[in-house]
Amino acid sequence: MTVAVFFGCTFIAFGPAVALFVFTIARDPLRVIFLIAGAFFWLVSLLLSSLVWFITVQISNKNSATQQTGLLIFGVVLSVLLQEAFRYGYYRLLKKANEGLLALSQEDTMPISIRQLAYVSGLGFGFMSGAFSVVNILSDSLGPGTVGIHGDSQHYFISSAFMTLAIILLHMFWGVVFFESCERQRWWGLGAVVISHLVVSCVSFVNPHYQGSLIPTYIILSVMAAWAYLCAGGSLRNLKLCLTCKDKDFLLANHRPR
Amino acid sequence: SSVEQKIYVVLNETVPCVRLLNATHQIGCQSSISGDTGVLHVLETESDLDWILSSGPHPPYMVIMETAFFNRSVMMRMKNSSRVAGVAVIISKTGLADNFSPHTTCPNQNTGVYSESYGSDLANCNGTVWNPLGNGLSYEDFSFPVFALKDENQTQVLRKCYEDHNQRVNGSAPQYPLCAMQLFSHMHAVTDTVTCMRRTDLQNRFSINPEVLCDPLSDFNVWTSTRPLNNSAKGHAADESVVIAATRLDGRSFFWEQAPAAEGTVSGIVTLLATIQALYPVTQEAPPPRNIFFSFFQGEAFDYIGSSKMVYDMEKNDFVIDMNNVHSMLEIGQVGLRSGRSLWMHSDPVSRQNKSVDTEVSEMMSRMQSAAAGLKLTVDHPSVSQPLPPSSFQRFLRARRIPGLVLADHNTSFTNRYYESMYDDAENLNVTYPPGLTPDEQLVYETDAAKSLAEVATLVARSLYLQAGGEEKNLNNITADPKIVSHMTSTNTHTHTLTLTLSLSLSLSPSLSLSLSHTHRHMTSSHTPPLSLSLSLSLSLTHTHVTRFVQYILANLTGTVTNLTESQCQNPSELSTENKDLFSYFWVSGPASVNGTREPFCVRASVRLSKAVSPAFELLEYGSRNYSTWTESRWKSIRARIFLVASRELEVMQPALVELTETKQKNICIS
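Since the model is a prediction, treat every value here as computed from it, not as a measurement.

(A) Quick look at the overall build of chain A. A count of helices and strands for chain A gives eight helices and zero strands. The C-alpha atoms of chain A give a radius of gyration of 20 Å, which matches the 18 Å a tight globule of 258 residues would have. Its C-alpha atoms put chain A at 60 × 40 × 30 Å along the principal axes. For chain A, with 258 residues in total, the buried portion stands at 48%.

Structural data, given as structure tokens:
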């Protein structure tokens, strides 16, 4: 549409995530490393799912619309499952790495707690997922035209940006909840994460009715945000302390070793 | 990408207007390098014009111009306005004015023969204004792109987009989102030929990857003669006295590569080809004393490129004949709109002040009149003080005062009301068929236009024979066949372009058949090979160039079939019976036989091409006043697309939203 729309959508989609990165992660190199590794793991899962998707599309009947839609749904479900599988894989890897790091380090306490790792890896997944969702759309938003000449909705760009924002934050919250559930062996928590991820992905099939896809996504986002807050050790009691940045015991200030 | 497909509708058929430069000026159209975007508005009424130029709230506008509004006054108002991003002109016959000629009123006024030193009272059309209906639009410089919309379906897409989004409701402005169009036609050359060639030379000398900015207009002239001339012997040909019969091969219009030029050029080409067809057999049986030299000149619209080059070569002794060999000249101008009236023989009053030239010209006229006596047409001469119309003969006169005539269907100014425009097509020539004919039947039907041109061809052939000293008793054998003429002027009635289609299934020379279908087009700079990097030389693979077309028809009409093999045909000098200096050899495919196969064979003809590029580029005088200095700019991409644009408010709102979310971030607990 123009440069204004491009920057607007970029900042909407990545603003909060970049702010989180700058204020909480950028100063600690270890966190940065684990963030990037997390992003890489997400990328590998995408590669695998796209490989499967590509092969199935090639051998399918390209002319049948129902087959193509069915393949699309299959592709989305497979991708979600693979992403969660890779999240679990990353969790196992991090557990092993943490032991090794502890052995190597001179201090008694671990340099980074598993909760911090959960947050960082979730954000890494989110960054990469957001990038792949929206960068293509952003590059087309630079041109002079906007969506609509064939009758599509005019709010395509901004809806995509908001959806991407939601996905990035959701990945972060899912990471926290997932790791916490794995630590506590609460498998229903794992299942909830997977199912909510599936719901968010599949609800995008109702596009272009953007209210039908964005509203459920944001509802799930707020639910997951609250759950992650609780997993991280917050409660109604220290909510006020947290929001005014007065709680010295909180997560990132004072990590508790496991 | 799929998002791009949601946003843009790409228009496939683009007919741009490109930039041309000469020694002092640039003409044509230019867009900015990243295209010009504007909100669509259809210009149908005067109030639309007002909306675009002053009252519309969403400038700049991309104007979709109905045919009736494509005239000088509207285009100049657009040119002077800053609210116009570009123009797309609908090319159709509905709403077409009675006349439209974007050429100047006095074609080629600076490079003809009339100047301060030669007939100064006749120079600059002081005597007769040849193209009074000309509005000079082709020679204006526009800073926005102008495209032509020839495809009806595409125009319909644009109209629908306009009606859906941009239509005014009850006089109030339309609401966003609005339909917009973006045109890309960025030209690399600026200012004039001198600047452009200087920059090109700098590029060629110092750059690793030289970027050529413009190309001189160049192509080839086609010539042949009744007695073969030795092509390797340049300069004066001994014992040769030659009568030149000439016409032009090119045309032009406001837009690039669109030049039907039916009355302006094709009438002349077809007449001369039919003349050759009529004359050739007789000149072989009963050869006249003088040689007859037929020549088709390219690039005459752009200050006589082809003819000035040939005269230059003749003067430099770089051609098969020189000016001393030339006895007289007969040129065929615009001869298609005779409508049963007489033809006019134009001559040059200044050279006729010389007694010997005057006698010879009068004798030419009387020969022509005696040849016309046996036919159903009349020839007349205009008043003696009238100058020559724009013609290649003027360039020969600049070199030497030879006697000559220019044959035309107009007495004073042109009868062609669409001179050098896109509307000078078959309809302008009154080529009409009775209803219910298939295309194959149309090919052989003898239209009135074909019969008229055939008569002119017969007249010219007989006059040339007499002029060359032939005997009167052979005149009755010289007749142009209307069937051949109608082959050459059959039309594609859907598009109203004159397509010269020649499929000689019922042909003269028994076993030769060429089928070439071609839309007449103007000269392009085609000296570089087809797959060159410069995308401006779009040599369309579906259309054969008119030069090749005429060359092969001439080979058909005047050549003889030989039984050489393909390799012998390509290297005939190895054989003692064949003479590469006197003839050219063409390997052609034969007529289609019953089961569709074709037997190719070798044709020997004395048809040659000679380079038609302005001498100014050989002499490196890019600012020359004597020769043509026309060049055509190069470009990278020419395309067009339509899409919707959103309001500025929506665009601005998005960063505001971002501000809101960012400030919230800072309050989250981080330490």
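(B) Looking closely at the sheet that holds strand β23 (residues 584-588) of chain B. Residues and elements named next belong to chain B. Strand order across the open sheet formed by three strands is β22-β24-β23, with antiparallel pairing between neighbours. Bordering the open sheet on either side are β22 (560-562) and β23, each of which pairs with just one other strand. Looking at each pair of strands side by side, their axes are set apart by 35 degrees on average, direction ignored. Sheet topology places β23 next to strand β24 (residues 601-605); five bridges connect them, and they run antiparallel. Counterpart to phenylalanine 586 in the pairing with β24 is valine 603. Contacts between helix α13 (residues 546-558) and the sheet are confined to β22, β23 and β24, with β23 contributing the most and set at about 100 degrees to the helix.

(C) Fine view of empty space enclosed by the protein. All names here are of chain B. The final tally for this structure, using the stated rule, is 12 cavities of 30 Å³ or more. Roughly 250 Å³ of volume is contained in the largest cavity. Of all elements in the fold, only β13 (242-248), α6 (262-285), β15 (326-332) and β18 (404-408) reach the threshold of two or more residues within the lining of the largest cavity. It is α6 that provides the largest number of residues to the lining of the largest cavity, a total of three residues. The residue inventory of the lining of the largest cavity, partitioned by class, reads 10 nonpolar, 11 polar and four charged. By volume, the second largest cavity is sized at about 130 Å³. Cys106, Gln109, Tyr114, Trp130 and Gln394 are, among the 19 residues lining the second largest cavity, the residues nearest its centre. A breakdown of the residues in the lining of the second largest cavity according to their chemical character gives 13 nonpolar, six polar and no charged.

(D) Up close: the layout of surface pockets. A volume near 1,500 Å³ is recorded for the largest pocket. Residue lining of the largest pocket: 40 residues in total, with Val76(A), Phe132(A), Ser133(A), Ser201(A) and Ser204(A) positioned closest to the centre. Among the secondary structure elements, those contributing two or more residues to the lining of the largest pocket are α2 (29-59), α3 (65-104), α4 (114-141), α5 (156-183), α6 (187-203) and α7 (210-231) of chain A together with α1 (2-7) of chain B. For the lining of the largest pocket, the element with the most residues is α5(A), which contributes seven residues. Residues of the lining of the largest pocket, tallied by class, amount to 18 nonpolar, 20 polar and two charged.

(E) Highlighting the packing of α3(A) against α5(A). Residues and elements named next belong to chain A. Running from amino to carboxyl end, α3 crosses α5 at an angle of 55 degrees, the nearest separation of the two axes being 11 Å. In terms of their interaxial angle, α3 and α5 are classed as oblique. Crossing of α3 against α5: the hand is right-handed. Contact with α3, carried on its side by Gln83, Glu84, Arg87, Tyr88, Tyr91, Leu94 and Lys95, involves His171, Trp174, Gly175, Phe178, Phe179, Cys182 and Glu183 of α5 and no other residues of that element. When the residues that make up the contact of α3 with α5 are grouped by side-chain class, the tally is seven nonpolar, three polar and four charged.

(F) Representation of α5(A). Residue and element names in this part refer to chain A. Taking 1.5 Å of rise per residue, the 28 residues of α5 would be expected to cover 40 Å, and the 40 Å separating its terminal C-alpha atoms lies within 8% of that figure. Within α5, 27 of the 28 residues are buried, which leaves the element mostly enclosed by the surrounding structure. Glutamine 185, located one to two residues past α5, shows a positive phi value of around 60 degrees.

(G) Representation of the pattern of salt bridges within the structure. Summed over the entire model, instances satisfying the criterion amount to 29 salt bridges over all chains. Of the charged contacts in the structure, one is a salt bridge between Asp250(B) and Arg248(B), with a shortest N-O distance of 3.5 Å.

(H) Structural view of the confidence of the model for chain B. Residue and element names in this part refer to chain B. Per-residue confidence for chain B averages 84 on the pLDDT scale, and 88% of its residues sit at or above 70. Ranking the elements of chain B by mean pLDDT puts strand β21 (residues 515-519) last, at 27, and strand β8 (residues 141-142) first, at 96. Scored below 50 in pLDDT, residues 491-544 shows 150 contacts in the model against residues more than four places distant or in partner chains. Segment residues 663-671 is flagged for pLDDT under 50; beyond a separation of four residues in sequence, or across chains, it makes 13 contacts in the model. Both scores are given for the predicted complex: the pTM is 0.85, the ipTM 0.84.

What counts as what
Residues numbered from 1 in each chain as written. Chains lettered and ligands numbered in written order. Predicted model: local features only at pLDDT ≥ 70, side-chain atom pairs only at ≥ 80, totals over all residues. Heavy atoms only, no water. Helix = DSSP H or I, 4+ residues; strand = E, 2+ residues; numbered from the N terminus. Rg over C-alpha atoms; globule rule 2.2 N^0.38 Å. Buried < 20%, exposed > 50% of the residue type's maximum accessible area, 1.4 Å probe, protein only. Pairing = 2+ DSSP bridges. Axes fitted to C-alpha atoms, helices over the stretch in contact; angles between N-to-C directions. Contact = heavy atoms within 4.5 Å. 1 Å grid on protein atoms, 1.4 Å probe; cavity = no way out; pocket = protein on both sides within 12 Å on 5 of 7 lines; lining within 4 Å. Points joined across faces, edges and corners; volume = space filled by probe spheres on them. Nonpolar A, V, L, I, M, F, W, Y, C, P; charged D, E, K, R; others polar. Parallel < 35°, antiparallel > 145°, perpendicular 65-115°, else oblique. Left-handed = near helix turned anticlockwise from the far one by under 90°. Expected span 1.5 Å × (residues − 1). Salt bridge = Lys/Arg side-chain N within 4 Å of Asp/Glu carboxyl O. pLDDT = per-residue confidence, 0-100.

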